[in-house]
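# Structure at a glance
Chain by chain, the residues run as shown.
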Amino acid sequence: MEKSKPYIILSAAISLDGKIATKTGDSKLSSHQDFIRLHKLRSTVDGILVGKNTVMKDDPLLTVRYVKGKNPIRIILDSKGEISSKSKILQTSYEFPTVIAVSKQISKSNLEKLSKFPIEVIITGENSVNIKSLLKKLSKKKITTILVEGGGSTNWEFIKQNLFDELVLTISPYLIGGNDAVSFVQGSVVSKIPESPNLRLKSFKRLKNHLVLNYVKV
Ligand SMILES: NC(=O)c1ccc[n+]([C@@H]2O[C@H](COP(=O)([O-])OP(=O)(O)OC[C@H]3O[C@@H](n4cnc5c(N)ncnc54)[C@H](OP(=O)(O)O)[C@@H]3O)[C@@H](O)[C@H]2O)c1
């Protein structure tokens, strides 16, 4: 299988029933040990990418904290540039390199808001962000590996467009349930099992009651 450019790793902590957050948006599924593992992984990639809803719900920093290591570039998919000026991502953009990927739908006022921060705004796509074109632009900036950390709609887009090489999933010992709780893949990928991407289990690791699975696309 030919590798994507950049190389894309999808990463998430999921419940035993495949959810990445409860219906109220609680997504704290990882253990302390798992966070250390995740932050080690973050320190090995060039970029971390998440969707707008994840920024709105979790207000993440997307930096390397549990271990020593370099911080990847933070990349946010946000078609209309609606990220809050008070979000940790924008507030810390003076310290950590940040890309906000928007589409042609962005308003003048939101572009102006973003221009007040030391970030790079990449405009691509008519309605939502055109991921293929975004990846090409990032690749030209020497970003060779990206960790996609969700949420479910973002994962769906990368899987649907066959734009990933590897999956790192932590299976956490929780049952969440409910149609309103966000799933790892928030959308339909295939209608028949043989149409699913072909995945090979490369490694697995037990972290007490959590299980870290590493699959590669074949
Ligand atoms: N357990 C975990 O590991 C984990 C990790 C991350 C997130 N989460 C949880 O996941 C939930 C959020 O997931 P979500 O599915 O609601 O949203 P999401 O994937 O975080 O964000 C989706 C949004 O990104 C924007 N976007 C722009 N271009 C896009 C494109 N080409 N493809 C996809 N999205 C694009 C869209 O908003 P616009 O149209 O406005 O641009 C879209 O609605 C939160 O509750 C969070 O806590 C859990």
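Just so it is clear, the structure is predicted and the values come from calculations on it, not from any experiment.

Right, let's talk about the overall build of the protein chain for a bit. Assigned secondary structure in the protein chain consists of six helices and nine strands. Relative to the globule expectation of 17 Å for 218 residues, the C-alpha radius of gyration of the protein chain, 17 Å, shows essentially globular dimensions. Along the first, second and third principal axes, the C-alpha set of the protein chain runs to 45 × 35 × 35 Å. The buried share of the protein chain, reckoned over its 218 residues, is 49%. Excluding contacts between residues fewer than 6 apart, the proportion of contacts in the protein chain whose partners are at least 24 apart in sequence is 71%.

Glancing now at the layout of surface pockets. Once rolled over the atoms, a probe with the size of a water molecule shows which space is left empty. Approximately 250 Å³ is the volume attributed to the second largest pocket. Along its surface, the second largest pocket is lined by 13 residues, and Arg 37, Leu 41, Val 168, Lys 205 and Val 212 are the ones closest to its centre. Taken together, the elements giving at least two residues each to the lining of the second largest pocket come down to α1 (32-42), β7 (166-171), β8 (199-207) and β9 (210-217). Per element, the largest residue contribution to the lining of the second largest pocket is five residues, and it comes from α1. Of the residues that constitute the lining of the second largest pocket, the class distribution is six nonpolar, three polar and four charged.

With that out of the way, let us pick up the side chain of Ser 43. By the element assignment, Ser 43 lies in the loop between α1 and β2 (47-51). Given a relative accessible area of 17%, Ser 43 falls into the buried group. For Ser 43, the residues in contact, after removing those within four places along its chain, are Val 64, Gly 69 and Lys 70.

A cis amide bond links Gly 150 to the next residue, Gly 151, at an omega of -5°. In this structure, Gly 151 sits in the loop between β6 (145-148) and α6 (152-160). Despite not being glycine, Asp 59 has its phi angle at roughly 45°, a positive value. For Asp 59, the location among the structural elements is in the loop between α2 (52-58) and β3 (73-77).

Those residues of helix α5 (residues 131-140) lying buried are Ile 131, Leu 134, Leu 135 and Leu 138. Projected onto a plane normal to the axis of α5, the buried residues spread over an arc of 100° and lie on a single side. Turned more than 90 degrees away from the buried face of α5, the exposed residues are Lys 132, Lys 136 and Lys 140. The N-terminus of α5 is capped by Asn 130, whose side-chain oxygen sits 3.2 Å from the backbone nitrogen of Lys 132. A positive phi of about 70° marks Lys 142, the residue just after α5.

Calculation notes
Residues numbered from 1 in each chain as written. Predicted model: local features only at pLDDT ≥ 70, side-chain atom pairs only at ≥ 80, totals over all residues. Heavy atoms only, no water. Helix = DSSP H or I, 4+ residues; strand = E, 2+ residues; numbered from the N terminus. Rg over C-alpha atoms; globule rule 2.2 N^0.38 Å. Buried < 20%, exposed > 50% of the residue type's maximum accessible area, 1.4 Å probe, protein only. Contact = heavy atoms within 4.5 Å. 1 Å grid on protein atoms, 1.4 Å probe; cavity = no way out; pocket = protein on both sides within 12 Å on 5 of 7 lines; lining within 4 Å. Points joined across faces, edges and corners; volume = space filled by probe spheres on them. Nonpolar A, V, L, I, M, F, W, Y, C, P; charged D, E, K, R; others polar. Arc of directions from axis to C-beta. Polar contact = N/O pair within 3.5 Å; in protein donor to acceptor, adjacent residues only side chain to side chain.

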